[in-house]
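# An overview of the molecular structure
If you want the building blocks of each chain, they are given just below.
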Amino acid sequence: MNVLVIGSGGREHALAWKLAQSPRVERVFVVPGNGGTDPRSRIANLGSREACFQSKIQSPQPAIPVEGDFGDLITFARREQIGLTVVGPEAPLAQGITDAFQAAGLRCFGPLQAAAQLEASKAFAKDFMARHGIPTARYATFREYEQALTYLRHVEHPVVVKASGLAGGKGVIVPADREAAEAALRQLMVERAFGAAGDEVVIEARLYGQEASVLAFCDGYRVVPMPAAQDHKPVFDGDRGPNTGGMGAYAPAPLITPPLMEEIVRTILQPTVEGLRAEGTPYVGVLYAGLMITDAGPKVLEFNCRFGDPETQVILPLLETDLVDVIEACLEGALDRVAIRWRPGAAVTVIAASEGYPGSYPKGREITGVEEAAALPGVLVFHAGTRWTDDGRLLTDGGRVLSVTGLGDDLPQAIARAYEGIRCIRFQGMHYRRDIGAKALISGPLPAFRNPKSEIRNPITYREAGVDIEAAHQAVELMKEAVRATYGPEVLWGIGAFGGLFDASALKQMTSPVLVASTDGVGTKTKIAAALGRFDTIGHDIVNHCVNDILVQGARPLFFLDYIASGKLDPEMVASIVCGCAAACQAAGCALLGGETAEMPGVYAPGEFDLVGTIVGVVDRPNIVDGHTIVPGDAIIGLASSGLHTNGYSLARRVFEGWDLTAAVAELGRPLGEALLEPHRSYLAEVRQLWDAGIVIKGMAHITGGGLIDNPPRILPRGVAAYIRRGSWPIPPIFQLIQQLGRISEAEMARVFNLGIGLLLIVPADQADCALGILGEEAWIVGETISRGDGPAVRIE
């Protein structure tokens, strides 16, 4: 079989080297290739045994274009009877090379163009992850510079600014502060440092932890992960300086323990392949997940749709199985039929880069010492930016010039061999990092010990059992300023204490102060928030829900406490929720006195959480609103809701099952997820306006669980019913859409949802028009009270 490799970097040289080892392969062509794949190359890896493999590798002369029109490549593949094409770089995949080859009847290993959007568009990838609940950072996407700038100036957490399109691995900027973030945005969208890649940007919350690369073979149904690797992106030692395409890597990464790899497959890789298949774009190829291993678990930084560079240079030398067999199993949807084996030990690669890289750099500088390095035991030299002259000299021809890989029985030996090799190589201006792999020697897993019962285990910590105390501390640090902003002089002790202290001496001013308390939860609206990775609104939900619950009894809020429970604590998620609570508390004039964050592995599934709140308010006993003065003939006023509020989400989620929450819905005029996350409205300000104007409010009903049917009876005295007229208020489109799609009866809709009415007020009929004048356009007279007789407590006609 003849094989074609597309690309010109160190990754493609490593691919060609590995493919050429297959006894089934006669020749490997590399287009456009580099000095290592040039037929004139005299460089052999690991001695004479590898020389026969090297002799199989060649680049056609002259080079054939690998981007744009693939006609010349297809013609070449047919002429040379290419049985398999393997695509290295991202650009041809994004342009549809696999689609073109398949249409020509040629086998090509790499995802189709539609699936390759995972890498070609970071905006697409983030939306895809939101749809399928794949853990990643919170984000926003922008095509307009001014909108993005406004967002940056209002967001409170540290951010990462990313060009959405392909930028050669350099379109990600991690700014140190807001000023640097604005400069990064200007660089991408105004100065167009990466061209069209910056037409759309993604601004996401910065994640903290260690990065890791997990690549997996995919056959459209299954994933088989490769040994995890850790890449080193910044150009200088200690992870300083601008990001590059990669200055070195090592594998396997001790950071990724077997249990953590299982979690990555279960929560990230497999859901991604299943999600793409469900969306009609089966993924066949190599799926590369760039991950941040945070205190809250692994989260996706980005997806790549091909072998990584320089990860390939450390992963493929560890592969014992014939790579051709693995690729064919992927193409045939039969990855389960091949046993993929990896050699023990480790591999480390160090990149020799040109002067000035990752900025502008010179070319044409002579390289020496490559043969000497390649002759060392356990050393491989893969070419990237190199070329041969007609007189037999090897010259630099790119930013990343050579990749020197060391193989060893363990990581320290592999590091030593890689650096022994790179010290042999010389060219003017050459630079490389001298700390590749060092972090693994510090952060690897603890050594195993023998249990008295002969069970071999690692020492167990509370964090390994699933509870991360440091993550809780980090969450407190992120939220504490927002919480303290709600405190007045009456708060004596709040966040950080065992219990909050609230000075109640102000209540002495009341004739007979009565405390009113309520506890409630957000319910399954949390699943919508988790699916979209947006947690700022549900903090408002729980506070406003509880405020309304005590408001209807005439109370004003004093203080609020929140409770958040999850299987795995995400500090940024918790902080976002609590900051939302704090903002709602400030608006209500109450203190966010304290709360609790509980991490309960095994109780909540990954990505699930619950949010509950308790509020305490006060009302002077003579001013309690309990409905006892309501009589037939009183007016019923409805105040508009802002959406579903916090009820009916189990039914709504069933109706919208399988829908893309990020896609705009014509009937709603905005994305479905945005409509479903609209915060629960508080009616405190409106009710206070009525009281201040002297309006007598005889009763109030908060329309929550039970809808318009079960809530009004809670305030009606014996013998009085509520008569509510359909059509007296506009029903918002979200409820109309739910009813239409779910074919739900009128009675069921009224019992489950608020149907656009969040609060009912019962006032004397002669004060109704005055009340409407105060409340404005989002209030309507929706009915009146009547004698109940033998009928139901609520009639909707």
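Coordinates for the structure precede this section.
Okay, so let's go over this structure. Computed from a prediction, not measured in an experiment: that's the story for all the values here.

## Remarks on the overall build of the protein chain
Scanning the protein chain for helices and strands turns up 26 helices and 38 strands. For the protein chain, the spread of C-alpha atoms along the principal axes amounts to about 105 × 60 × 55 Å. A burial count over the protein chain gives 57% of its 797 residues as buried. Total accessible area computed for the protein chain in this model is approximately 32,500 Å², and 51% of it derives from carbon and sulfur atoms. Within the protein chain, one finds 71 positive and 91 negative side-chain charges whose respective centroids are separated by 3 Å.

## Notes on the sheet that holds strand 29 (residues 591–599)
One open sheet accounts for 4 strands, arranged 27-30-28-29; its pairing is mixed. Looking at strand neighbours, the two that pair on one side only are strand 27 (513–521) and strand 29, the edges of this open sheet. Each strand axis lies, on average, 15 degrees off the axis of its neighbour in the sheet, ignoring direction. Here strand 28 (residues 556–566) runs beside strand 30 (residues 609–620); their pairing, made up of 10 bridges, is antiparallel. Within strand 30, the residue paired with Ser-566 across the bridge is Phe-609.

## Considering unusual backbone geometry
Between Val-31 and the following residue, Pro-32, the backbone shows a cis peptide bond with an omega angle of 0 degrees. Tracing the chain through its elements places Pro-32 in strand 2 (residues 27–32). The peptide bond linking Asp-309 to Pro-310 adopts the cis configuration, its omega dihedral lying at 25 degrees. Among the secondary structure elements, Pro-310 is positioned in the loop between strand 17 (297–304) and helix 11 (312–315). You will see that Gln-81, though not glycine, has its phi angle at about 55 degrees, which is positive. Relative to the helices and strands, Gln-81 is located in the loop between helix 3 (71–79) and strand 4 (82–87). Relative accessible area serves as the criterion here: at 65%, Gln-81 is assigned to the exposed category. Positive phi is not limited to glycine here, since His-645 has a value of about 60 degrees. Summarising the element assignment, His-645 is placed in the loop between strand 31 (635–640) and helix 20 (649–655).

## Some thoughts on the packing of helix 1 (residues 10–19) against helix 12 (residues 323–331)
The geometry of helix 1 relative to helix 12 is characterised by a closest axis approach of 8 Å and an angle of 100 degrees between their N-to-C directions. With respect to helix 12, the axis of helix 1 lies roughly perpendicular. Residues Leu-15, Lys-18 and Leu-19 of helix 1 touch helix 12, and the partners they reach there are Leu-323, Val-324 and Ile-327. Residues that form the contact of helix 1 with helix 12 fall into these classes: 5 nonpolar, no polar and 1 charged.

## Some words on the environment of Gly-71
Turning to its location among the elements, Gly-71 is positioned in helix 3. Taking relative accessible area as the criterion, Gly-71 reaches 29% and is therefore assigned partly exposed. Sequence spacing of Gly-71 and Ala-104 is 33 residues, and the spatial spacing of their C-alpha atoms is 9.8 Å.

## Let's talk about the sheet that holds strand 19 (residues 379–383)
The 5 strands are arranged 12-15-18-22-19 in an open sheet whose pairing can be described as antiparallel. Only two strands of the sheet have a single partner each, and these edge strands are strand 12 (230–231) and strand 19. Across 8 bridges, strand 18 (residues 346–353) lies against strand 22 (residues 400–408) in antiparallel orientation. Each bridged residue has a counterpart across the sheet, and for Ala-352 the counterpart in strand 22 is Leu-402.

## Concerning the environment of Asp-409
For Asp-409, the location among the structural elements is in the loop between strand 22 and helix 14 (411–422). Placed 255 residues apart in sequence, Asp-409 and His-154 show a C-alpha to C-alpha distance of 51 Å. Every residue in contact with Asp-409, bar those within four places of it in the chain, is listed here: Gly-345 and Ala-346.

## Overview of the pairing of strand 9 (residues 201–205)
The element strand 9 is extensively covered by neighbouring structure, given that 5 of its 5 residues are classed as buried. Sheet topology places strand 7 (residues 159–163) next to strand 9; 5 bridges connect them, and they run antiparallel. Each bridged residue has a counterpart across the sheet, and for Val-159 the counterpart in strand 9 is Ala-205.

## With respect to the packing of aromatic side chains
Enumeration according to the criterion identifies 10 aromatic pairs in this entry. Taking 5.2 Å as the distance between ring centres and 90 degrees as the angle between the ring planes, the aromatic pair formed by Phe-29 and Phe-76 counts as edge-to-face. You can see Phe-29 sitting in strand 2 and its partner Phe-76 sitting in helix 3, a full 47 residues away along the chain. Exposure class is identical for Phe-29 and Phe-76. Each is buried. For the ring pair Phe-124 and Phe-128, a centre distance of 6.4 Å and an interplane angle of 20 degrees mean the geometry is stacked. Of the two residues, Phe-124 and Phe-128 both sit in helix 7 (residues 122–132), 4 residues apart, roughly one turn of that helix. Summarising the burial analysis for this pair, Phe-124 and Phe-128 share the class buried. Over the ring of Phe-124 we find Arg-131; its NZ or CZ atom is 5.9 Å from the centre of that ring. Directly above the ring of Tyr-432 sits Arg-434, whose terminal nitrogen or CZ lies 4.3 Å from the centroid.

## Re helix 8 (residues 145–154)
For the α-helix, the turn length of 3.6 residues means that residues three or four positions removed from each other point alike. Inspection of helix 8 places Tyr-145, Ala-148, Leu-149 and Leu-152 among the buried residues, and these make up the whole buried set. The buried residues of helix 8 occupy an angular sector of 100 degrees when the element is viewed end-on, so they sit on one face. Along helix 8, the residues that are exposed and aim more than 90 degrees away from the buried face are Glu-146 and His-154. Buried residues along helix 8 sit against strand 6 (139–142), strand 7, helix 9 (178–189) and strand 9.

## Examining the pairing of strand 22
Looking along a regular strand, one sees the side chains alternate between the two faces of the sheet. The buried fraction of strand 22 is high, at 9 of 9 residues. Summarising the sheet, strand 19 and strand 22 pair through 5 bridges and their orientation is antiparallel. The residue of strand 22 that forms the bridge with Val-379 is Gly-406.

## Structural notes on the pattern of salt bridges
Overall, the coordinates contain 42 salt bridges when judged by the stated rule. Residue Asp-239 pairs with Lys-439 through a salt bridge whose shortest N-O separation is 3.4 Å. In this pair, Asp-239 is assigned in the loop between strand 13 (234–236) and strand 14 (240–243) and Lys-439 in helix 15 (residues 438–443), connecting sequence segments 200 residues apart. Judged by relative accessible area, Asp-239 falls into the partly exposed class, the value being 36%. For Lys-439, a relative accessible area of 24% puts it in the partly exposed group. The partner of Asp-435 in a salt bridge is Arg-433, and the shortest N-O contact between them spans 2.9 Å. Here Asp-435 and Arg-433 have matching classes, each one buried. Among the charged side chains, a salt-bridge network with shared partners connects Arg-24, Arg-107, Asp-325 and Glu-328.

## Structural notes on the side chain of Ser-518
Turning to its location among the elements, Ser-518 is positioned in strand 27. For Ser-518, a relative accessible area of 13% puts it in the buried group. Of the polar contacts made by the side chain of Ser-518, one reaches the side chain of Asp-549; its length is 3.3 Å. Ser-518 has contacts with Cys-546, Asp-549, Ile-550, Gly-613, Thr-614 and Ile-615, leaving out every residue within four places of it along the chain.

How each quantity is defined
- What you see as residue numbers is a count from 1 along each chain, following the sequence as written.
- The model is predicted, so local features are restricted to residues of pLDDT at least 70 and side-chain atom pairs to those at 80 or more, both for listing and for counting; the totals for chains, interfaces and linings are taken over all residues.
- Neither water nor hydrogens contribute to the side-chain values; these are computed over all heavy atoms in the structure.
- Here a helix means four or more residues in a row that DSSP labels H or I, a strand means two or more in a row labelled E, and each is numbered from the N terminus.
- Classification of residues uses two cut-offs on accessible area relative to the type maximum, computed with a 1.4 Å probe and protein chains only: under 20% is buried, over 50% is exposed, and between them is partly exposed.
- In these tables, accessible area is a Shrake-Rupley quantity obtained with a 1.4 Å probe, and a residue counts as shielded only by the protein chains included in the view.
- A positive count includes Lys and Arg, and a negative count includes Asp and Glu. His and the chain ends are not counted in either.
- Note that the charge is assigned to NZ on lysines, CZ on arginines, CG on aspartates and CD on glutamates.
- A pair of strands is considered paired only if DSSP assigns at least 2 bridges between the two.
- Only the stretch in contact is used when a helix axis is fitted, and all axes are lines through C-alpha atoms; the angle between N-to-C directions ranges over 0 to 180 degrees.
- In this scheme, roughly parallel covers angles under 35 degrees and roughly antiparallel covers those over 145, while 65 to 115 is roughly perpendicular and the rest are oblique.
- Any two residues having at least one pair of non-hydrogen atoms within 4.5 Å are treated as being in contact.
- Residue type decides the class: Asp, Glu, Lys and Arg count as charged, Ala, Val, Leu, Ile, Met, Phe, Trp, Tyr, Cys and Pro as nonpolar, and the leftover types, Gly among them, as polar.
- Classification of ring pairs rests on two measures: the distance between centres of Phe, Tyr or Trp rings, Trp counted by its six-membered ring, which must be within 6.5 Å, and the angle between planes, read as stacked under 30 degrees, edge-to-face over 60 and tilted in between.
- By definition here, charges over rings are those cases where NZ of Lys or CZ of Arg is within 6 Å of the ring centre and within 35 degrees of the ring normal.
- Starting at the helix axis, one direction is taken to each C-beta atom, and the arc is that of these directions.
- By convention in these notes, a salt bridge is any Lys or Arg side-chain nitrogen within 4 Å of a carboxyl oxygen on Asp or Glu.
- Distance and chemistry together define a polar contact, namely a pair of N or O atoms within 3.5 Å, with one atom able to donate a hydrogen and the other to accept it when in protein, and with adjacent residues in sequence counting only for side-chain atoms on both sides.

Taken by themselves, the reported measurements are silent on function.
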